[in-house]
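# A structural walkthrough
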Amino acid sequence: MITKIIKSKSAIKQPKINVITLGCSKNIYDSEVLMGQLRGNNLNVVHESDKMGKDDIVVINTCGFIDNAKQESIDTILQFSELKEAGKIGKVVVTGCLSERYKPELEAEITNVDAFFGTNDLQNILHELGANYKHELIGERLLTTPSHFAYFKIAEGCNRPCSFCAIPLMRGKHMSKPMEELVNEAKILAKNGTKELILIAQDLTYYGLDLYGVRKLDELMRRLSDVPGIEWIRLQYAYPSGFPMEILDAMNERDNICKYLDMPLQHITDNMLKSMRRGTTKQKTIDLVNQIRDKVPNIAMRTTLICGYPGETQQDFEEMAAWVADTKFDRLGCFTYSHEEKTHAHTLIDDVPEEIKQQRVDDIMEIQQGISFDINQDKVGQTFKVLVDKKEGDFFVGRTEFDSPEVDNEVLIDATTGYAANGSFVNVKIDRAEDFDLYGTIV
């Protein structure tokens, strides 16, 4: 009896480890793996909790990709280091891309952080937190997303030479994960209720080349498609140069592989593509988009573009704007160029003023808004299979197979006339459409 009381008291006093995740879906994945290992060590781990005690430990998984992300990471580190200084939390540990890239500078500037780690320091982080790396937990994660979908990282790093990108500096060379390990991870997720796998990497299309000598993304897609319980498989971050067309065959063959492709193209003019070291040309890019659409006629294509890259003229921009208007991507994101140290583009003059960069982004997004509106209007009266993510007010909020969470369109389902559980699939008839949202009722 006394032993039980002692145990329960010590359990109450155990400090929480509060993991804060900044940046992209790859960071979300890394945080989930870390949390799975901590939980496997019987430690009390939470994700982005507002409630913290004076003995609690905060682990910040940072982003160091572009200026805005770096600033957010630094602000977050300062916020928690000040809480530590005030005695409101116990320790602050920093990991991820920013500390991989700027560890000496961060250690010199923010001295009351307990430890800084890079992107491949999982075992060292665990040791710092009083835990051991457990091999038997490979594939086990503590999801921070709703349990019905999961980001699914199939590779780390990147071998591409893109002039503007600092990812290889922070994540290293491309390393594919073994296929058996990935299939096992998918089975674990499916048993725990995950229905949608969102495949992520810096470059999905390179998968397998380093491990097996040939690209094997199509084989991986089929193997994952065979896992019972997985109803949607979605591809994010495909690279255009050397694109493996065989993945489109897998998409056509399997009902549970979404007709969706996220392919960041970054620009369209030949001089920009050459300076960006993208390994392609305007005509090759146009031909590739047309070939993909010919092979999978109802595919939803998403891309991202950069405005204000060094040397981008008004003519370059207008050519890109005309191409966006003509190509009519289903989904599109646009970003201002960020001048990153140690990248090849950093040797060029960052000569496009910030206000012009932003105006160009706004102009592209205005074109895309009109395209999205027209595409959505065509969906009115049609019925789509929708995965329900959450309930907000009088609506259940979900997505079609043509939409990724956070970045794409949503379907708002009238909750006053029907019911849909989170994580369930329902058929929804679209009653009306706006620029980026569809409204419908369950049928």
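Bear in mind that the values here come from a model prediction, so they are computed numbers and not experimental data. (Residues numbered from 1 in each chain as written. Predicted model: local features only at pLDDT ≥ 70, side-chain atom pairs only at ≥ 80, totals over all residues. Heavy atoms only, no water.)

## Digging into the overall build of the chain
The number of helices and strands found in the chain is 14 helices and 18 strands. In summary, the chain has a C-alpha radius of gyration of 23 Å against a globular reference of 22 Å for 443 residues, a match within 12%. When its C-alpha atoms are laid out on the principal axes, the chain stretches across 75 × 55 × 45 Å. Burial status across the chain gives 53% buried among its 443 residues. Pairs at least 24 apart in sequence give 74% of the contacts found in the chain among residues at least 6 apart. (Helix = DSSP H or I, 4+ residues; strand = E, 2+ residues; numbered from the N terminus. Rg over C-alpha atoms; globule rule 2.2 N^0.38 Å. Buried < 20%, exposed > 50% of the residue type's maximum accessible area, 1.4 Å probe, protein only. Contact = heavy atoms within 4.5 Å.)

## Considerations on the packing of aromatic side chains
Scanning all chains against the criterion turns up seven aromatic pairs. Aromatic pair phenylalanine 149 and tyrosine 151: ring centres 6.1 Å apart, planes at 85 degrees, arrangement edge-to-face. The burial state of phenylalanine 149 is the same as that of tyrosine 151; both residues are buried. Taken together, a centroid distance of 5.4 Å and an interplanar angle of 75 degrees make the contact between tryptophan 323 and phenylalanine 329 edge-to-face. The burial state of tryptophan 323 is the same as that of phenylalanine 329; both residues are buried. The ring of phenylalanine 329 has arginine 293 lying over it, and the distance from NZ or CZ to the ring centre is 5.8 Å. The ring of phenylalanine 396 has lysine 391 lying over it, and the distance from NZ or CZ to the ring centre is 5.9 Å. (Phe/Tyr/Trp six-rings, centres within 6.5 Å; stacked < 30°, edge-to-face > 60°. Lys NZ or Arg CZ within 6 Å of the ring centre and 35° of its normal.)

## Notes on the UniProt feature "domain: Radical SAM core" (unreviewed entry) in the chain
As annotated in UniProt, the feature "domain: Radical SAM core" (unreviewed entry) corresponds to residues 144–374 in the numbering used here. Summarising residues 144–374: 41% helix, 16% strand, and an end-to-end C-alpha distance of 34 Å. (UniProt positions renumbered as here; feature names shortened; annotations may be inferred.)

## Side note on unusual backbone geometry
Glycine aside, residues mostly have negative phi, and peptide bonds are mostly found in the trans state. A positive phi angle is found at arginine 277, which is not glycine, with a value near 60 degrees. With respect to the helices, strands and loops of the structure, arginine 277 is situated in the loop between helix 11 (270–275) and helix 12 (282–295). Positive phi, normally seen in glycine, also occurs at glutamate 406, with a value near 75 degrees. Within the secondary structure layout, glutamate 406 lies in the loop between strand 15 (395–399) and strand 16 (410–414). Residue classification places glutamate 406 among the exposed residues on the basis of a relative accessible area of 74%.

## A look at the sheet that holds strand 9 (residues 196–200)
In space, the six strands of this open sheet follow the order 6-9-10-11-12-13, with parallel pairing throughout. A strand with exactly one partner marks an edge of an open sheet, and here the two such strands are strand 6 (149–153) and strand 13 (331–336). In this sheet, neighbouring strand axes are inclined to one another by 20 degrees on average, regardless of whether the strands run parallel or antiparallel. Of the strand pairs in this sheet, strand 11 (residues 257–262) and strand 12 (residues 300–307) are connected by three bridges, and their pairing is parallel. Across the sheet, residue tyrosine 260 finds its bridge partner in strand 12, namely alanine 300. Sheet strands touched by helix 10 (residues 246–253): strand 10 (232–235) and strand 11. Its angle to strand 11, the strand with the most contacts, is close to 145 degrees. Its contacts with the sheet place helix 14 (residues 354–377) against strand 12 and strand 13, and it is angled at close to 175 degrees to strand 13. (Pairing = 2+ DSSP bridges. Axes fitted to C-alpha atoms, helices over the stretch in contact; angles between N-to-C directions.)

## A short note on the pattern of salt bridges
Scanning the entire structure with this criterion turns up 33 salt bridges. Among the salt bridges present, the one from arginine 254 reaches aspartate 226, with a minimum N-O distance of 2.9 Å. Here arginine 254 is found in the loop between helix 10 and strand 11, whereas its partner aspartate 226 is found in the loop between helix 9 (217–225) and strand 10, with 28 residues between them in sequence. Overall, aspartate 226 belongs to the exposed group, its relative accessible area being 51%. In this structure, lysine 357 and glutamate 354 form a salt bridge, with 3.0 Å as the shortest nitrogen-oxygen distance. On the criterion of helical spacing, the pair formed by lysine 357 and glutamate 354 is a turn pair, its members being three residues apart in helix 14. Judged by relative accessible area, glutamate 354 falls into the partly exposed class, the value being 48%. (Salt bridge = Lys/Arg side-chain N within 4 Å of Asp/Glu carboxyl O.)

## Here we look at the pairing of strand 4 (residues 91–96)
Extensive coverage of strand 4 is indicated by the burial of five of its six residues. In terms of strand pairing, strand 3 (residues 57–62) meets strand 4 through six bridges, oriented parallel. Its bridge partner being in strand 4, isoleucine 57 is matched across the sheet by lysine 91. In this fold, the crossover linking strand 3 to strand 4 by way of helix 3 (residues 67–85) has right-handed handedness. Taken together, the two bridges between strand 4 and strand 5 (residues 115–116) define a ladder with parallel strand orientation. Bridging from a neighbouring strand, valine 93 pairs with alanine 115 of strand 5. Viewed along the sheet, the connection from strand 4 through helix 4 (residues 97–109) into strand 5 turns out right-handed. (Right-handed = clockwise from strand over helix to strand, strands pointing away.)

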